[in-house]
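Now for the letters of each chain:
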Amino acid sequence: MAEIVKLNHLPKDVEVEAWWAHMQAHQMKFQYKRSKHRPMKNFMMRIEISPAREETEGFTLADWEKLAEDFIKAFDDIDLSKKTGRPSAAGTNIANSQYVVSLHRDSKSGIVHMHLDCNRIDMEGNVNDDHNIGIRATMAANEVTRQRGWVQAEQRSDENKERITLDCMNALKVMPRFSWDVYDQKLAAKGYDLKLRYDSKGVVRGYTVRKGNSIYKSSELGKGRNLMLSKIESTWRKLHPLTSNENQPHSGLSNGPIHTVIPQPKVLPKAEQPFYCLRKVNVDGHTYSIEIPDKAFNVMKAEVASFKVNNETADHIIGVALLLFASYIDAATSMSESCGGGGTSPSSGRGKDDDWEWAKRCAQMAHSMVTTPKPQIRRSRGR
């Protein structure tokens, strides 16, 4: 799903997998040089170049190629030897290394960005130092933005943090109770990807928020770090203070005797609160936690049970239906395709459906997505 922007010291008319084979062969060619030093762990340098959407509006492939070349030159020219105390950090030689530059489009936000995948061994057999690669990449990005008159990376980062903080606070405001799963769903609806970090006991120990190709730690967000793990529940409570109109003080003058009136509590009918269950669905190595009312889940299972499918297919349909219920459209599509389906796409959102109707409709959509095979593309061969 990527467009190739540039290949450097690599053949064009081969399969994609063959590029890595060419890089491995080049590394083996200079094995004798590397064996003199400590073993190299990373054989590839991978860098993402992600300008703002408005800065690359109307870019052609030639424009993206020029941007990649400018970035590589700036990256190679950065000298970090004094900062790191490593002579090898004086510069890199990506310009004379095997690399692939490809253009990707983020599936959620639609933001276009480039991937630079480069061999750690340059064409002369020397190692491209990847120590402090993040610092070097940031400095190179700032140099390129300076040359082009774009907004500096630090300023762009601050703007992104302010926007994410606002969206996180709005998500907390509309949450009737604090729940990581609900928080995840609210942010996902705004195009964010919440990544929770668990300990060995399954307890959340940290999280990051991703938007497009920018990832921010919770400690970088909020005012006074009020969105970090240790403070987020307290922040939610401050947004939902307990209020009561009962027992309001009343002052006034009266010549008569003072009577103490003890207000009687009003008995209000209790609205039935739905019980929620938490379901986890694994797709492409990522675990999605989905919170769904018990009754809605039972409706979903009953609908799936009405389909004439085997148990394995039924499990797949339920997984896809749960993802649709929580609006994880991309994940639902990916899961249906991994099961051999993908011939249909999910319809529009839930509209005015309540949870039970929506659960039933998700089951029906999931059944169609999983059981309808993806159409085969026939390729004609020339003579």
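Before reading further, recall that the structure is shown in the block above.
First, a word on what this report is: a plain description of the structure on this page. (Residues numbered from 1 in each chain as written. Predicted model: local features only at pLDDT ≥ 70, side-chain atom pairs only at ≥ 80, totals over all residues. Heavy atoms only, no water.)

### A word on the environment of Val-370
Phase 1: Here Val-370 shows up in helix H12 (residues 355-371).
Phase 2: The exposure class assigned to Val-370 is buried, which follows from its relative accessible area of 7%.
Phase 3: Placed 38 residues apart in sequence, Val-370 and Ala-332 show a C-alpha to C-alpha distance of 9.6 Å. (Helix = DSSP H or I, 4+ residues; strand = E, 2+ residues; numbered from the N terminus. Buried < 20%, exposed > 50% of the residue type's maximum accessible area, 1.4 Å probe, protein only.)

### Digging into the nonpolar core
Phase 1: Residues Met-300 and Leu-323 are the most contacted members of the largest nonpolar core, which totals 33 residues.
Phase 2: Of all the elements in the fold, those that place two or more residues in this core are strand E8 (276-283), strand E9 (286-293), helix H9 (294-305), helix H10 (311-325), helix H11 (329-338) and H12.
Phase 3: At 9 residues, the largest contribution of residues to this core is made by H10.
Phase 4: Setting aside its immediate chain neighbours within four residues, Leu-323 contacts Val-281, Val-283, Tyr-288, Ile-290, Tyr-328, Ala-331, Ala-332 and Met-335. (Core = buried A, V, L, I, M, F, W, Y, C linked by side-chain atoms within 4.5 Å. Contact = heavy atoms within 4.5 Å.)

### Focus: the packing of aromatic side chains
Phase 1: Counted under the stated rule, the structure contains 8 aromatic pairs.
Phase 2: Ring centres of Phe-59 and Trp-64 lie 5.3 Å apart, and the angle between their planes is 75°; on these two criteria the pair is classed as edge-to-face.
Phase 3: For Trp-64, a relative accessible area of 4% gives the class buried.
Phase 4: Geometrically, the ring pair formed by Trp-180 and Tyr-183 is edge-to-face, given 6.0 Å between the ring centres and 65° between the ring planes. One end of the pair is Trp-180 and the other is Tyr-183, both in helix H7 (residues 180-188) and 3 residues apart, which spans about a single turn. A single burial state applies to Trp-180 and to Tyr-183, both of which are buried.
Phase 5: Here the aromatic residues Phe-178, Trp-180, Tyr-183 and Tyr-207 are joined through ring pairs into a cluster of three or more.
Phase 6: When the ring centre of Phe-75 is taken as reference, the NZ or CZ atom of Arg-136 above it lies at 5.6 Å. (Phe/Tyr/Trp six-rings, centres within 6.5 Å; stacked < 30°, edge-to-face > 60°. Lys NZ or Arg CZ within 6 Å of the ring centre and 35° of its normal.)

### Comments concerning the packing of H9 against H12
Phase 1: At a minimum axis separation of 8 Å, H9 and H12 run at an interaxial angle of 30°. Considered as vectors, H9 and H12 are oriented roughly parallel to each other. Here the hand of the crossing between H9 and H12 comes out right-handed. In contact with Lys-295, Ala-296, Val-299, Met-300, Glu-303 and Val-304 of H9, H12 contributes Asp-355, Trp-356, Ala-359, Lys-360, Cys-362, Ala-363 and Gln-364.
Phase 2: Looking at side-chain class alone, the contact of H9 with H12 contains 8 nonpolar, 1 polar and 4 charged residues. (Axes fitted to C-alpha atoms, helices over the stretch in contact; angles between N-to-C directions. Parallel < 35°, antiparallel > 145°, perpendicular 65-115°, else oblique. Left-handed = near helix turned anticlockwise from the far one by under 90°. Nonpolar A, V, L, I, M, F, W, Y, C, P; charged D, E, K, R; others polar.)

### Some words on the side chain of Glu-303
Phase 1: As for its position among the elements, Glu-303 is in helix H9.
Phase 2: Lys-360 provides the closest opposite charge to the buried, salt-bridge-free Glu-303, at an N-O distance of 4.2 Å.
Phase 3: Here the side chain of Glu-303 touches Gln-364 through a polar contact of 3.2 Å, side chain to side chain.
Phase 4: Apart from residues no more than four positions distant in its own chain, Glu-303 is found in contact with Lys-360, Ala-363 and Gln-364. (Lys, Arg positive; Asp, Glu negative; His and termini not counted. Salt bridge = Lys/Arg side-chain N within 4 Å of Asp/Glu carboxyl O. Polar contact = N/O pair within 3.5 Å; in protein donor to acceptor, adjacent residues only side chain to side chain.)

### Observations regarding the environment of Ile-292
Phase 1: Tracing the chain through its elements places Ile-292 in strand E9.
Phase 2: With 30 residues separating them in the primary sequence, Ile-292 and Leu-322 have C-alpha atoms 8.2 Å apart.

None of the figures reported here should be taken as evidence of function without further support.
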